[in-house]
Amino acid sequence: MADTTPGTPAGLPHTTVSAPGGVGTSAARPDGVLKVRGAFAFGSDLWHEDMLWGTTLRSPHPRARILAIDITEAVALPGVHAVLTHEDIPGEKFYGLEITDQPVLAIDRVRYHGEPVAIVAADHPETARRAAARIAVEYEVMAPITDAAEAADTGANGHVHEPGEYKAREAGNVVHRQRVVAGLGVTDEVRALADVVVRHEYEVGMQDQAFLGPESGLAVPAEDGGVDLYVATQWMHADQRQMCPVLGLPPEKVRLTLAGVGGAFGGREDISMQVHACLLALHTGRPVKIVYSREESFFGHVHRHPARLAYEHGATRDGRLVYVGARISLDGGAYASTSAAVVGNAASLGVGPYVVPHVAVEAAAYYTNNPPCGAMRGFGAVQACFAYESQMDRLAAALGMDPVELRCRNALQEGSVLPTGQVVDAPAPVAELLRRVRDMPLPPPADADPRNFPGGVANATRGEGVVRGVGYAVGVKNVGFSEGFDDYSTARVRLEAVGGEPVAEVHTAAAEVGQGGVTVHEQIVRTELGVGRVTGRPADTGVGSAGSTSASRQTYVTGGAVKTACEAVRAAVFERGMRRYGWSADVVSGLVLTAGKVVARDGLVVAELADLLDGAAIEETRVFRHRPTRALDPATGQGFAHVQHTFCAHRAVVDVDTELGLVKVVELAAAQDAGLMVNPAAVLGQVHGGSAQGLGLAVMEEIVVADARVRNPSFTDYLIPTILDTPPMRVDVLECPDPHAPYGLRGVGEASALSATPAVVAAIRAATGLPLRRVPVRPEHLTGT
Amino acid sequence: MRVTFTVNGRRTEADDVWEGESLLYVLRERLGLPGSKNACEQGECGSCTVYLDGATVCACLVAAGQAQGRDVRTVEGLAAGERLAPVQQAFLDAGAVQCGFCTPGLLVQAHALLAATPRPSDADIREALSGNLCRCTGYEKIMDAVRLAAGRRAGAETDPAGAEGAS
């Protein structure tokens, strides 16, 4: 059972009042009824008269030269309307979110298994697939570069990208490298200050976002020579920015509207089918819909970076951290995507939510011929968290100390200095979160219902060989885009009277991917303008960029933009009152908008909002920026890199069948600080979902890549937690307001995805005594087979 | 080929169906009923769960021709006009809907569970819904929703659309 514990309420600005369905309430999703009726239009549900189906031919090889492509047979198939290769691209042939290194369609080589080579449009999806199978591509197969460390070395096997070919930041196969050095770093002199040292290496497998709604959209050619794209994405303006040069069209002719998005978790931050559908639509002059199959989805988006992490922790006998040294090696795959930013996170958050006097962390991402990796919930912090939290348990064991006590003793708090030199200038209740999960009651011992045994009824155990363990972990994640990125959002708010009642409309380009942004924006308008009837306009590129729905940033940044736009609308309302009724500035400073009325602080109604609006709408568009961050110094990693930090702690209880190597997570309890819960139900939903994904990484989720080939691109073989794998979750939410954030809120989406993984593994270690240095933990790791 | 069957109580024909098409494809692309979702199309995720002659199946695994002469009920057929089925209302009230892509399949499966087992235990719910993947919610609120729907049923509410497949 979930329960919430209200903490300190955030101080609201004086001009806002609590409103029904406003900030702080579990307001209902505006899209909820459509979703339960099956009437909500996801990207894959779109339909247009006369529409064609697009499909993609992908490389069967991870590394090969393309000698020839022959489309003759494919074009000849009845029902086929277009077969396009790189030669048919009117504009630039490369794109990329941060580094323009990825071909829209392969040109003279392929660099990963599943890379798009050609695209087809046909009148039936099966016709399109059959045509794609008839495209003859002649490859000269090359040995793939499969190992990040090897790739880093000398490029003995060549380079994934030829040196100087793209704007790589370092020579060779390095996408990006970042060091963070604090205090004296890690030297022999520093090591001598520690009584206890633990050194271990850890490994994190390649996790996938595995959102349920496949990549999908519909491109409709327009009469002006442009194209309208209805698409499931995380950031329409970033798509548009990358698409325009490829299509050779100005932004006003490449218009995007958000279609229903069936989950994202980072996997839709890079372009997938967007530009392919538009190319086919512009070429055929007909609407083209592309919907990836599950297999294609696994090839069509970036994954979480697999990582190797070598950590060394030194502490005094009384459990004070002296130093942390770490080398984090991330496999970026064939193209850069957001690898550089992932490296920045892994490096800057690499020691976790702890105060450490001496630090030397180095993180780097490398090009290989493995699948490209980029954004996924937790973004570089997940991999580091598994390693540093495993280390904290090792250290606690070496010191003979309780692992929660050790963590609390070193916990970050407000005023602490991070290894980057950044001072934590907001609450950081790390120790409090740990104590809260520790103090929750433990679940009862296993009962005799065989459905509750590890592996369920299908397996042979009746409880023999089943042992229970408990583990803890805590993590830190940044909120928003960091390191000097201009992280802004735009919102347009319109207020008018309809039928004598004030109504408001909010318009942003923020992608609703399931997290509930659409709900939150309406809540903010209700609170700020005191209007009950609020509608959200569909998100599109007809309003300025909202940035990405990622990095736990949308409630903060787009929420901030909606709030700022509302403040401008409110100021315009008061201005009308000053003109019409002669209100003085003094009077205005004491007015609030509530329940459709302008009310003085003593509760006296000064005017009806509808009268004041009197047929003339007020519309304001505002851009919101959080305070600026700075790039990390390349040599030392010093700098104010992150605008806000967010924390979550977990306790996991597991039963392990040591004979069969099966794990049952019995309970996963979490405590997280939300600053202020703008929508408590949505906050809980985020913590539950993030925890389940962390559990997945701990015990089952991995894209298996062998010789750079993906072996399990299906839900048969890539396992995500089912309702049987996911235990009851007790969640405790703190509200310690961040004085720098709108309403004091703190981004919540990602933190829970960090600490669930090490907590589950710690519990398995506690149950079995096995070292377990790699996730996901597989049965063979538990049985030694 | 032509497939004639009953969908949500209405006799329906689909023309020019290619033999390889699934019931899911026919529902979504030929009949304009996209409520059943296409998340894996190999029977692993449960997003396309529908009733076929009163039993729940993954529509992606049913060849369109197999539906000939039979009775299909989709998520679009759970509500009675404007009135949501209790399980739909419970999903809304419990906050069990996030991205919503798994929701239609879960609703049909939960609807079938409650018809067969009006007071399911937590273990019953987990077992019944174990073929339906959800990536957003962590299932906690889905559990809450099914418990809520069951509790409301126990409070003498009846499903206006009927628990079994409409015909």
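Definitions and cut-offs
- Residues numbered from 1 in each chain as written.
- Chains lettered and ligands numbered in written order.
- Predicted model: local features only at pLDDT ≥ 70, side-chain atom pairs only at ≥ 80, totals over all residues.
- Heavy atoms only, no water.
- Helix = DSSP H or I, 4+ residues; strand = E, 2+ residues; numbered from the N terminus.
- Rg over C-alpha atoms; globule rule 2.2 N^0.38 Å.
- Buried < 20%, exposed > 50% of the residue type's maximum accessible area, 1.4 Å probe, protein only.
- Areas by Shrake-Rupley, 256 points an atom, 1.4 Å probe, with all protein chains shown as cover.
- Lys, Arg positive; Asp, Glu negative; His and termini not counted.
- Charge placed at Lys NZ, Arg CZ, Asp CG, Glu CD.
- Pairing = 2+ DSSP bridges.
- Axes fitted to C-alpha atoms, helices over the stretch in contact; angles between N-to-C directions.
- Expected span 1.5 Å × (residues − 1).
- Disulfide = S-S within 2.5 Å.
- Contact = heavy atoms within 4.5 Å.
- Buried area = accessible area lost by both parts, 1.4 Å probe.
- Salt bridge = Lys/Arg side-chain N within 4 Å of Asp/Glu carboxyl O.
- Phe/Tyr/Trp six-rings, centres within 6.5 Å; stacked < 30°, edge-to-face > 60°.
- Parallel < 35°, antiparallel > 145°, perpendicular 65-115°, else oblique.
- Left-handed = near helix turned anticlockwise from the far one by under 90°.
- Nonpolar A, V, L, I, M, F, W, Y, C, P; charged D, E, K, R; others polar.
- pLDDT = per-residue confidence, 0-100.
- Polar contact = N/O pair within 3.5 Å; in protein donor to acceptor, adjacent residues only side chain to side chain.

Participant: I'd love a proper account of the overall build of chain A, names of residues and values included.
Facilitator: Summing up its helical and strand segments, chain A has 19 helices and 31 strands in all. In terms of overall size, chain A behaves like a compact globule, its C-alpha atoms giving a radius of gyration of 27 Å where 785 residues would be expected to give roughly 28 Å. Dimensions of chain A, computed from C-alpha atoms along their principal axes, come out at roughly 80 × 75 × 55 Å. Evaluated residue by residue, chain A yields a buried proportion of 64% over its 785 residues. Total accessible area on chain A stands at roughly 26,200 Å², and carbon and sulfur atoms take up 52% of it. Taking the average place of the 68 positive charges on the side chains of chain A and the average place of its 90 negative ones, the gap between the two points comes to 2 Å.

Participant: Could you give an account of the sheet that holds strand E19 (residues 488–498) of chain A, with specific residues and numbers?
Facilitator: Picture the strands of a sheet paired through backbone hydrogen bonds; they go either parallel or antiparallel. All names here are of chain A. With mixed pairing, the four strands of this open sheet are ordered in space as E21-E20-E19-E25. The open sheet terminates on both sides in strands that have one partner only, identified here as strand E21 (533–536) and strand E25 (618–625). The sheet shows a mean angle of 20° between the axes of neighbouring strands, direction not considered. Two elements, E19 and E25, share eight bridges in a ladder whose sense is antiparallel.

Participant: Can you lay out helix H18 (residues 751–768) of chain A for me, pointing to particular residues and giving the numbers?
Facilitator: All names here are of chain A. Taking 1.5 Å of rise per residue, the 18 residues of H18 would be expected to cover 26 Å, and the 27 Å separating its terminal C-alpha atoms lies within 8% of that figure. Of all 18 residues making up H18, 16 are buried, and the element is well covered by its neighbours. Gly769 sits one or two residues past H18 and shows a positive phi near 75°.

Participant: Which residues make up the state of the cysteines, and what are the values?
Facilitator: Residues and elements named next belong to chain B. Inspection of the entire model under this criterion finds zero disulfides over all chains. Of all cysteine sulfurs, the one in Cys136 lies closest to Cys99, which takes part in no disulfide; the gap is 3.8 Å. We note that Cys102 lacks a disulfide partner, and the nearest cysteine sulfur, in Cys134, lies 3.7 Å from it.

Participant: Lay out unusual backbone geometry with the relevant residues and their values.
Facilitator: All names here are of chain A. Each neighbour pair has its own omega, and for Val775 with Pro776 the value is 0°, a cis peptide bond. Looking at where Pro776 falls in the secondary structure, it is placed in the loop between strand E31 (774–775) and helix H19 (779–783). One non-glycine residue, Ser337, lies in the positive phi region at around 45°. Here Ser337 lies in the loop between strand E16 (321–333) and helix H9 (339–348). A positive phi angle, near 50°, is found at Ala595, a position not held by glycine. Structurally, the position occupied by Ala595 is in the loop between strand E22 (591–594) and strand E23 (597–600). We classify Ala595 as exposed; its relative accessible area is 60%.

Participant: Kindly report on the interface of chain B and chain A, identifying the contributing residues and their values.
Facilitator: Think of interface size as the accessible area that goes away when the parts come together; that is how it is often given. With 54 residues of chain B at the interface, the matching set in chain A holds 62 residues. Taking both partners together, chain B and chain A bury about 4,300 Å²; carbon and sulfur atoms supply 58% of that area. Per-residue buried area on chain B facing chain A is highest for Arg126(B), Arg135(B) and Glu140(B); these three make up 19% of the total on that side. On the surface where chain B and chain A come into contact, there are six salt bridges.

Participant: So what's going on with the packing of aromatic side chains? Which residues, and what values?
Facilitator: For any pair of aromatic rings, the description consists of the separation of the ring centres together with the inter-plane angle of the planes. In this structure the tally under the stated criterion is 13 aromatic pairs over all chains. Summarising the aromatic geometry, the rings of Trp53(A) and Tyr25(B) are spaced 6.2 Å apart at their centres and angled 40° between planes, so their arrangement reads as tilted. Placement of Trp53(A) in strand E1 (residues 52–58) and of Tyr25(B) in helix H1 (residues 23–30) is noted, with the two residues assigned to different chains. Each member of the pair Trp53(A) and Tyr25(B) is classed as buried. Here Tyr202(A) and Phe386(A) contribute two aromatic rings whose centre-to-centre distance is 5.9 Å and whose plane-to-plane angle is 85°, an arrangement assigned as edge-to-face.

Participant: Tell me about the packing of helix H2 (residues 86–93) of chain B against helix H3 (residues 103–116) of chain B, and please be specific about residues and values.
Facilitator: To characterise two packed helices, one gives the angle between the axes of the helices and the distance between these axes. All names here are of chain B. In contact at an axis separation of 9 Å, H2 and H3 are set at 125° when each is read in the N-to-C sense. In terms of axis orientation, H2 runs oblique to H3. Like other packed secondary-structure pairs, H2 and H3 cross with a definite hand, here right-handed. Listed contacts from H3 to Val87, Gln88 and Phe91 of H2 are Thr103, Leu106, Leu107, Ala110, His111 and Leu114. Of the residues contributing to the contact of H2 with H3, the split by class is six nonpolar, three polar and no charged.

Participant: Can you lay out the confidence of the model for chain B for me, pointing to particular residues and giving the numbers?
Facilitator: Where the model shows low pLDDT, its predicted coordinates should not be examined in detail. All names here are of chain B. Per-residue pLDDT for chain B averages 93, and the proportion of residues at 70 or more is 93%. Segment residues 157–167: pLDDT under 50, and 25 contacts once partners within four positions in sequence are set aside and those in other chains are kept. Prediction confidence for the complex, expressed as pTM and ipTM, is 0.95 and 0.95 respectively.

Participant: Break down the pattern of salt bridges for me, citing the residues and quoting the values.
Facilitator: Side-chain pairing between opposite charges can occur once the charged atoms of the two side chains come close. Under the defined criterion, the tally for this structure stands at 58 salt bridges over all chains. Note that Asp45(A) and Arg28(B) form a salt bridge whose closest N and O atoms lie 2.9 Å from each other. With Asp45(A) in the loop between helix H1 (32–37) and E1 and Arg28(B) in helix H1, this pair bridges two chains. The exposure class of Arg28(B) is buried, given its relative accessible area of 7%. Across the pair Arg191(A) and Glu312(A) runs a salt bridge whose closest N-O atoms are separated by 2.5 Å. Of this pair, Arg191(A) sits in helix H5 (residues 188–191) while Glu312(A) sits in strand E15 (residues 307–315); the two residues are 121 residues apart in sequence, bridging distant segments of the chain. Bridged by salt links that share partners, the residues Glu203(A), Glu702(A), Arg774(A), Arg778(A) and Glu780(A) form one connected network.

Participant: Give a detailed account of the confidence of the model for chain A, specifying residues and quantitative values.
Facilitator: Of all residues in chain A, 96% attain a pLDDT of 70 or more, and the chain-wide mean is 94. Across residues 1–16 of chain A, confidence stays below pLDDT 50; counting only partners more than four residues off in sequence or on other chains, it has 38 contacts.

Participant: Tell me about the side chain of Ser714(A), residues and numbers included.
Facilitator: Relative to the helices and strands, Ser714(A) is located in the loop between strand E29 (709–710) and strand E30 (731–734). A residue is classified by how much of its surface remains accessible, and Ser714(A), at 11% relative accessible area, is buried. Side-chain polar atoms of Ser714(A) contact the backbone nitrogen of Thr716(A), separated by 3.2 Å. Sequence-distant contacts of Ser714(A), that is, excluding residues within four places in its chain, are made with Arg294(A), Phe298(A) and Gln42(B).

Participant: Describe the environment of Gly536(A), and please don't skip the residues or the numbers.
Facilitator: Residues and elements named next belong to chain A. Counting through the fold element by element, Gly536 comes out in strand E21. For Gly536, a relative accessible area of 43% corresponds to the partly exposed category. For the pair Gly536 and Glu522, spaced 14 residues apart in sequence, the C-alpha to C-alpha distance is 6.9 Å.

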